[in-house]
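The chain contents come next:
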Amino acid sequence: MATLSSKPNHVRSISLPGRSHPITQRVEEEINKLKSLSVAPTADSVYSGLFGLEKLYKRIDDLFSLQHALCQSLDAEWVEDLLDKSVRLLDVCGTTRELVSQYKENVRDLQSSLRRRKGDSTTDDSVARFTSFSKKIKRDAKRLALNLKQMDQETAVAVLLDADQDTIAAIRALREANAVCISIFQILLSFLCVPLLKPKQSKWSLLSRLVHKDRIVPEVQEENTSLETRLETFGAYLDSFENALEATFRCLIRSRSSLLNVLSC
């Protein structure tokens, strides 16, 4: 799965000749902050990335205040690429948000089952259903990640003729913003693929527990307690991701609307 370091031209800090417009510089600063994040699929890196995207797209809204300069120099191929990416990123963000919502619902169902049957080995059925769902989420996440990788590899070849330095810098910043947005979604999808439950025990382990029957109930209770703790923590992560994705989705909508306004000027 691609990460922030998957492509050399996506990890370098933006360095353009001369000094960009102050608004463009602020966009560049937010992009470079996101590029400095750890690519490890941890809760902290995911949340920091999503929070950073919200800040980035607020800066991009400011960038569109330069629309008079932009609309005079936009190349048709650049426009097509930016519009296409905006739609596809909205689609990926919405689908990812739905995956997180489904995951959160299944976590709550398993938590409810564990509370009702605390210390009872019949929770195995509930765990099995959750494991099956987790595998489905993993497949869906990998499919989305492949779509993102394809987007990341696509590069529009276009030349801005007679464009001033501010316009070139602004459009490059918009392209970089799309690239870093793709990378943050990739990290989130990688996080969703990390197994939450422990691997199923081997036959030898089960045999050992059967030989020592007096240990079975205490061990089941301990495992359920550990699982409940992991589920509670994971559920909290999913809550924060869902809220952050909702904010990101709204930012992407505003960004696309602003881009369309620029093109109509």
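The preceding data block contains the structure.
Treat the numbers as computed from the prediction; the structure is a model and nothing was measured.

What counts as what
- Residues numbered from 1 in each chain as written.
- Predicted model: local features only at pLDDT ≥ 70, side-chain atom pairs only at ≥ 80, totals over all residues.
- Heavy atoms only, no water.
- Helix = DSSP H or I, 4+ residues; strand = E, 2+ residues; numbered from the N terminus.
- Buried < 20%, exposed > 50% of the residue type's maximum accessible area, 1.4 Å probe, protein only.
- Contact = heavy atoms within 4.5 Å.
- Areas by Shrake-Rupley, 256 points an atom, 1.4 Å probe, with all protein chains shown as cover.
- Expected span 1.5 Å × (residues − 1).
- Polar contact = N/O pair within 3.5 Å; in protein donor to acceptor, adjacent residues only side chain to side chain.
- 1 Å grid on protein atoms, 1.4 Å probe; cavity = no way out; pocket = protein on both sides within 12 Å on 5 of 7 lines; lining within 4 Å.
- Points joined across faces, edges and corners; volume = space filled by probe spheres on them.
- Nonpolar A, V, L, I, M, F, W, Y, C, P; charged D, E, K, R; others polar.
- Phe/Tyr/Trp six-rings, centres within 6.5 Å; stacked < 30°, edge-to-face > 60°.
- Lys NZ or Arg CZ within 6 Å of the ring centre and 35° of its normal.
- Salt bridge = Lys/Arg side-chain N within 4 Å of Asp/Glu carboxyl O.

Draft legend 1. Structural context of the overall build of the protein chain. Counting its secondary structure elements, the protein chain contains 9 helices and 0 strands. Mapped in sequence order, the helices and strands of the protein chain form the string α-α-α-α-α-α-α-α-α. Buried residues in the protein chain amount to 45% of all 265 residues. Across the protein chain, every contact between residues at least 6 apart in sequence was considered, and the portion connecting residues at least 24 apart equals 87%. With an accessible surface of roughly 14,000 Å², the protein chain has 52% of that area assigned to carbon and sulfur atoms.

Draft legend 2. Expanded view of helix α7 (residues 165–192). Over its 28 residues, α7 runs 41 Å from end to end, which matches the ideal 40 Å to within 8%, given 1.5 Å per residue. Judged by how many residues are buried, α7 sits mostly within the fold: 24 of 28 residues are covered.

Draft legend 3. Up close: the side chain of Lys104. With respect to the secondary-structure elements, Lys104 resides in helix α5 (residues 76–116). In this structure the side chain of Lys104 is engaged in a polar contact, spanning 3.1 Å, whose partner is the side chain of Asp239. With residues up to four places along the chain from it excluded, the contact list for Lys104 reads Leu238, Asp239 and Glu242.

Draft legend 4. Representation of empty space enclosed by the protein. Per the counting criterion, the structure on display carries 1 cavity of 30 Å³ or more. Space inside the largest cavity adds up to approximately 130 Å³. Around the largest cavity sit 13 residues that line it, and Leu82, Ser86, Asn178, Ser255 and Leu259 are the ones nearest its centre. Breaking the lining of the largest cavity down by element, the ones donating at least two residues are α3 (43–63), α5, α7 and α9 (216–263). The element contributing the most residues to the lining of the largest cavity is α9, with 4 residues. A per-class count over the lining of the largest cavity returns 9 nonpolar, 3 polar and 1 charged.

Draft legend 5. Seen up close, the environment of Ala177. Tracing the backbone shows Ala177 in helix α7. Excluding its chain neighbours within four sequence positions, the residues that come into contact with Ala177 are Ile31, Leu56, Tyr57 and Ile60.

Draft legend 6. Focus on the packing of aromatic side chains. Taken as a whole and assessed by the stated rule, the structure comprises 8 aromatic pairs. Geometrically, the ring pair formed by Tyr103 and Phe234 is edge-to-face, given 5.0 Å between the ring centres and 65 degrees between the ring planes. Placement of the pair is Tyr103 in helix α5 and Phe234 in helix α9, with a sequence separation of 131 residues. A single burial state applies to Tyr103 and to Phe234, both of which are buried. Relative to Tyr237, the ring of Phe191 has its centre 6.1 Å away and its plane inclined at 75 degrees; by these criteria the two rings are edge-to-face. With Phe191 in helix α7 and Tyr237 in helix α9, this pair connects stretches of sequence that are 46 residues apart. Judged by relative accessible area, Phe191 falls into the buried class, the value being 8%. Looking at Tyr237, the relative accessible area reads 33%, which means it is partly exposed. Connected via pairs of aromatic rings, a cluster forms that spans Tyr103, Phe130, Phe133, Phe191, Phe234, Tyr237 and Phe241. Directly above the aromatic system of Phe249 lies the positively charged group of Arg97, at a separation of 4.4 Å from the ring centroid.

Draft legend 7. Local environment of the environment of Ser101. Topologically, Ser101 is positioned in helix α5. A polar atom in the side chain of Ser101 sits 3.4 Å from the side chain of Glu242.

Draft legend 8. Geometry of the pattern of salt bridges. Inspection of every chain in the model, using the stated rule, returns 11 salt bridges. Look at the salt bridges and you will find they share partners, linking Lys104, Arg108, Asp239 and Glu242 into a network.

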